[in-house]
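# Chains, contacts and geometry: an overview
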Amino acid sequence: MKAARIYGKQDIRIEDVEIPEPKDDQVQIKVKFVGICGSDIHMYAEGLSLPYEKNPLTGKTVPIIEGHEFSGQIVKVGQDVKNVKVGDRIAVEPILVCGHCRNCMKGLYNYCLNAVGPDGSGNFIGVSGDGGMAEYANVEAKFAHKLPDEMGFDLGALAEPTAVAYEGIKRSGLIEGQTVAVMGAGPIGLCTAILAKIAGATKVYISDVSDVRLAKAKEVGIENTLNPTKDDVVKKIHEDLPDGVDISFECAGVQATFDTAAQITTATGVIQVDALFGKSIDLDINGAIMKGHNIHTTLGYENAFPIVIQIINSNQETFKKMITKKIPLNETVEGIKSLQNDKSQVKVMISPEM
């Protein structure tokens, strides 16, 4: 089969590779769509998160078949698989877990104690195990989630990034009637803003330095957009809400946006950090203490996919607007570069069938 394999920094190759038969607890799927994620960009641009040493769960090192946001149709099942069958249309939850450590046993398998490699390689297939940028993929059956008949495979591939945003919403404790500000209008920020509205937030602000991204936010129904290069975000929000928002979501991952979140969040409110930061930031811990801010973090997701799939299915027209380009597998590198350089692109989908 054809597959996009990453060897390291700025080294992705479209190659012919063999695919093994699925293991007893696995299914093999014909991949329909796979989304390009921000982490895929970092893997390509900087070689980050890749297993240069053997990952403890997969035993794999580079090269790895990239891609962790994907959907497909089951073509083979292992002998122990009971929950799905050949022909089922599924979205893949691409997380790597041991299943028996303390956190896995508590259901917090996104913090599996045995999944991250000795060199910090990530706990996802497509990062530390072969993923979905290929014609076929083998995945654990327990992480193959059925799609509704009326839901397209392209929307199925949106389940993974939406699950990241959903986990942040869940972790923040958002309840109907609260107010929200989202820092960053990339894919996770946009999904977070959409989900906040669906969850009943009465006011949702979103801030980004790109007017193109803010235009996309308006397109998906987020009316209160702010550009910090033109707007005084702190002043504007406090004019509308003197006490500040109940929850701010940090989806940009830079010092400036974290500082803004701290200034616009009401006393005893929540600063929910969903982004990964490229470098360490300064935290005014005394300021946080005096305001009673609750600073929450999250990583990946747990037990979210069935709910997220239903949310997307019930709001298909909104989520379809997140998909801005579809490309064939042999244009993988060009697709990654387009996301680096073109702010009008939100979610670029690869189809191995194109």
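Residues numbered from 1 in each chain as written. Predicted model: local features only at pLDDT ≥ 70, side-chain atom pairs only at ≥ 80, totals over all residues. Heavy atoms only, no water.

The subject of this paragraph is unusual backbone geometry. Of all residues except glycine, most have a negative phi; of all peptide bonds, most are trans. The omega torsion of the bond from V62 to P63 falls at 5 degrees, within 30 degrees of zero and hence cis. Backbone geometry at Q10 places phi at a positive 50 degrees, although glycine is not the residue there. With a relative accessible area of 52%, Q10 lands in the exposed category. Its identity is not glycine, yet S49 carries a phi of approximately 70 degrees, on the positive side. Mapped onto the elements of the fold, S49 is located in the loop between α1 (38-46) and β4 (64-65). (Buried < 20%, exposed > 50% of the residue type's maximum accessible area, 1.4 Å probe, protein only. Helix = DSSP H or I, 4+ residues; strand = E, 2+ residues; numbered from the N terminus.)

Judged by side-chain polarity, L283, I285, I289, M290 and I295 come together as a nonpolar surface patch covering roughly 520 Å² of accessible area. Its place among the elements puts I295 in strand β14 (residues 294-297). Given the relative accessible area of 35%, I295 is considered partly exposed. (Patch = residues over 30% accessible without salt bridge, like charges linked within 9 Å, V, L, I, M, F, W, Y side chains within 5 Å. Areas by Shrake-Rupley, 256 points an atom, 1.4 Å probe, with all protein chains shown as cover. Salt bridge = Lys/Arg side-chain N within 4 Å of Asp/Glu carboxyl O.)

Over its 14 residues, helix α4 (residues 159-172) extends 20 Å from the first C-alpha to the last, a length consistent with the 20 Å expected when each residue adds 1.5 Å. Summarising burial for α4: 12 of the 14 residues are buried, a large majority. Residues A159, E160, P161, T162, A163, V164, A165, Y166, E167, G168, I169 and S172 constitute the buried set of α4. Looking at the residues trailing α4, positive phi occurs at G173, about 80 degrees. (Expected span 1.5 Å × (residues − 1).)

Further remarks concern the packing of α4 against helix α5 (residues 187-198). Where α4 meets α5, the closest approach of the two axes is 8 Å, and the angle between their N-to-C directions is 55 degrees. What the angle tells us is that α4 and α5 run oblique. Considering only the axes of α4 and α5, their crossing is right-handed. Contacts from P161, T162, V164, A165, Y166 and I169 of α4 reach α5 at I188, C191, T192, L195 and A196. Class assignment for the residues of the contact of α4 with α5 results in nine nonpolar, two polar and no charged. (Axes fitted to C-alpha atoms, helices over the stretch in contact; angles between N-to-C directions. Parallel < 35°, antiparallel > 145°, perpendicular 65-115°, else oblique. Left-handed = near helix turned anticlockwise from the far one by under 90°. Contact = heavy atoms within 4.5 Å. Nonpolar A, V, L, I, M, F, W, Y, C, P; charged D, E, K, R; others polar.)

The subject of this paragraph is the pattern of salt bridges. One pass over the full model with this rule turns up 18 salt bridges. K146 is the salt-bridge partner of D88, the closest N and O atoms lying 4.0 Å from each other. Of this pair, D88 sits in the loop between β5 (69-77) and β6 (89-92) while K146 sits in strand β8 (residues 144-146), and the two are 58 residues apart along the sequence. A relative accessible area of 46% means that K146 is categorised as partly exposed. Ionic pairing is found between K320 and E317, a salt bridge with its closest N-O pair at 3.4 Å. Highlighted residues: K320 and E317, both in helix α11 (residues 316-320), separated by three residues, approximately one helical turn. By relative accessible area, which is 38% here, K320 ends up partly exposed. Connected through salt bridges with shared partners, the residues K30, K32 and E353 form a single ionic network.

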